[in-house]
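Residue-level structural notes
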Amino acid sequence: MDAEHGGHGGHGELLTIGAFARASRLSPKALRLYDELGLLTPAHVDPHSGYRHYAPAQLERARLVAWLRRLGMPLARIREVCELAPGPAARAVAAYWERVESEVAARRDLAAFLVDQLTRKDPAMTDQHPYTAGPLAMRCAALTDQGLVRTVHQDAAYAGRHLLAVADGYGPGGGPAATAAIEALKALEDQDLAALPAADLPGMLADAALSAHRATTPAPGRPGVRAGASGTGGGGASEAAAGAGDGEATGSTLTALLHSGSRLALLHIGDSRAYVLRDSGLFRITHDHSVVQALVDEGRLTPEEAPSHPDRALLLRSLGGGADFAPDLDVLDVRPGERYLLCTDGLTGVVPPEAIQAALTEAATPQQAVTALVRLTREAGAPDNVGCVVADFA
């Protein structure tokens, strides 16, 4: 056997990983990854050295993988395409590209949202806009529902004079943890927010949330924290902490907005979400802190696969539960006519974005909007608790 080629009993002429990499235009590092994922398994692996060898007949599949990766297709989808006959594979690639073009259009809208948001924060650009920032009135409503499957209710939602918040508890004391998370923020309602610089508002939210995080005794650390387990209901942070004593983590997500003048301070940790509805569409302004979202970001999972993934309940960040306290913080500029939505994954897990946008667009008031959103979850089977808050600014 020479350095590039060699036979092996029963396998015929094989290529070393280096030769196969050059022939397929895939790097050895990529080939090792594809082997680990079961996407491109070597024809033979030396039991002593672990060195991989590939059959020439595998080049066609390897080149298809390389082309699909150049197309930007996630690895999970590539595995599906490679198992198909040529005709169905062609249709699968066409369907994938149609979805990509749709997503590009959505990202174009998101880019427009970000440009508008950043422009509002630029004093040099603000003078070019007819709108002059000033205090805005807020109308809001909150609603939660146990759903049709869960035996306990672990979601909490709040809509007050200045504060909007949703929390989704998990573990033995999940309900109390979610309630305690929002209670920790309610003290901010009594602050003179108008007298404070907008830059101070996210820090105020974070300080209040940190108290709830510390009140929930952390369980031993682990890579992810499983949300959505059954809880005990009732009580407060101390009860939530006590509930974690059986070894199962207890904690909560938290997504909150604090209103002052024409600004909104945002705090977000976990997989509850915040959206804004503007003339140009509905935009998500938070990013899930979950294992599944990380897999989507890495291209190992498609957005369509995420809702049914077995690890969809694993959180990378949360309040309590042994996770680090590392919330996302931001300040948003609000314009008259905008409508904001905060919700737990009991809504987004079963109701598609277009249906959420339609409900928000058609509802005349925040109360009608939250009622319509909860109704949609129940029509979709409501397998989880749901909590949502809607706020209008004028």
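Let me begin by describing the structure that accompanies this report. (Residues numbered from 1 in each chain as written. Predicted model: local features only at pLDDT ≥ 70, side-chain atom pairs only at ≥ 80, totals over all residues. Heavy atoms only, no water.)

1. Regarding the overall build of the protein chain
Along its length, the protein chain carries 13 helices and 18 strands. Within the protein chain, buried positions represent 49% of all 394 residues. Considering only intrachain contacts with a sequence separation of at least 6, the fraction spanning at least 24 residues in the protein chain is 67%. In the form shown here, the protein chain has an accessible surface area of approximately 18200 Å², with 55% of it arising from carbon and sulfur atoms. (Helix = DSSP H or I, 4+ residues; strand = E, 2+ residues; numbered from the N terminus. Buried < 20%, exposed > 50% of the residue type's maximum accessible area, 1.4 Å probe, protein only. Contact = heavy atoms within 4.5 Å. Areas by Shrake-Rupley, 256 points an atom, 1.4 Å probe, with all protein chains shown as cover.)

2. Concerning the sheet that holds strand E18 (residues 386-393)
Taken in spatial order, the 5 strands line up as E5-E18-E17-E12-E13 in an open sheet, and their pairing is antiparallel. Each edge of the sheet is formed by a strand with only one pairing partner; in this case those strands are strand E5 (138-145) and strand E13 (281-284). Neighbouring strand axes in the sheet, compared pairwise and without regard to direction, differ in orientation by 15 degrees on average. By the bridge criterion, 5 bridges tie strand E12 (residues 273-278) to strand E17 (residues 339-343) in an arrangement that is antiparallel. (Pairing = 2+ DSSP bridges. Axes fitted to C-alpha atoms, helices over the stretch in contact; angles between N-to-C directions.)

3. Digging into helix H3 (residues 59-70)
Counted at 1.5 Å a residue, the expected span for H3 with its 12 residues is 16 Å, and the 16 Å between its end C-alpha atoms agrees. All of the buried residues in H3 are Leu-59, Ala-62, Val-65, Ala-66 and Leu-68. (Expected span 1.5 Å × (residues − 1).)

4. Points about the nonpolar core
In terms of nonpolar packing, the biggest core is built from 26 residues, with Phe-20, Leu-26, Leu-31, Tyr-34, Leu-40 and Ile-78 touching the most fellow members. When residues of this core are traced back to their parent elements, those giving at least two are helix H1 (17-24), helix H2 (28-36), H3, helix H4 (75-82) and helix H5 (86-120). Among the elements that line this core, the one with the most residues is H3, at 5 residues. Discounting chain neighbours no more than four positions away, the residues touching Tyr-34 are Leu-26, Leu-39, Leu-40, Val-65, Arg-69 and Leu-75. In this structure, Ala-181, Leu-201, Ala-206 and Ala-208 belong to the second largest nonpolar core, which totals 25 residues. (Core = buried A, V, L, I, M, F, W, Y, C linked by side-chain atoms within 4.5 Å.)

5. Here's the deal with the packing of aromatic side chains
The full count for this structure, using the stated rule, is 2 aromatic pairs. Consider the rings of Phe-20 and Tyr-54, whose centres lie 4.3 Å apart with planes at 10 degrees: the pair is stacked. Note that Phe-20 is positioned in helix H1 and Tyr-54 in strand E4 (residues 52-54), a separation of 34 residues in sequence. Each member of the pair, Phe-20 together with Tyr-54, is buried. Geometrically, the ring pair formed by Tyr-340 and Phe-393 is edge-to-face, given 5.6 Å between the ring centres and 85 degrees between the ring planes. Of this pair, Tyr-340 sits in strand E17 while Phe-393 sits in strand E18, placing them 53 residues apart in sequence. We note that Tyr-340, like Phe-393, is buried. (Phe/Tyr/Trp six-rings, centres within 6.5 Å; stacked < 30°, edge-to-face > 60°.)

6. Examining helix H12 (residues 353-362)
Within H12, burial applies to Ile-356, Ala-359 and Leu-360. For H12, the angular spread of the buried residues around the axis is 95 degrees, confining them to a single face. Residues of H12 that are exposed and point more than 90 degrees away from the buried face comprise Glu-354, Thr-361 and Glu-362. Against E12, E13, E17, helix H11 (345-348), helix H13 (366-379) and E18 lie the buried residues of H12. (Arc of directions from axis to C-beta.)

7. Observations regarding the packing of H1 against H2
Between H1 and H2, whose axes approach to 9 Å, the crossing angle comes to 100 degrees. With respect to H2, the element H1 is oriented roughly perpendicular. Only Pro-28, Leu-31 and Arg-32 of H2 make contact with H1, whose side of the interface consists of Ile-17, Phe-20 and Ala-21. When the residues that make up the contact of H1 with H2 are grouped by side-chain class, the tally is 5 nonpolar, no polar and 1 charged. (Parallel < 35°, antiparallel > 145°, perpendicular 65-115°, else oblique. Nonpolar A, V, L, I, M, F, W, Y, C, P; charged D, E, K, R; others polar.)

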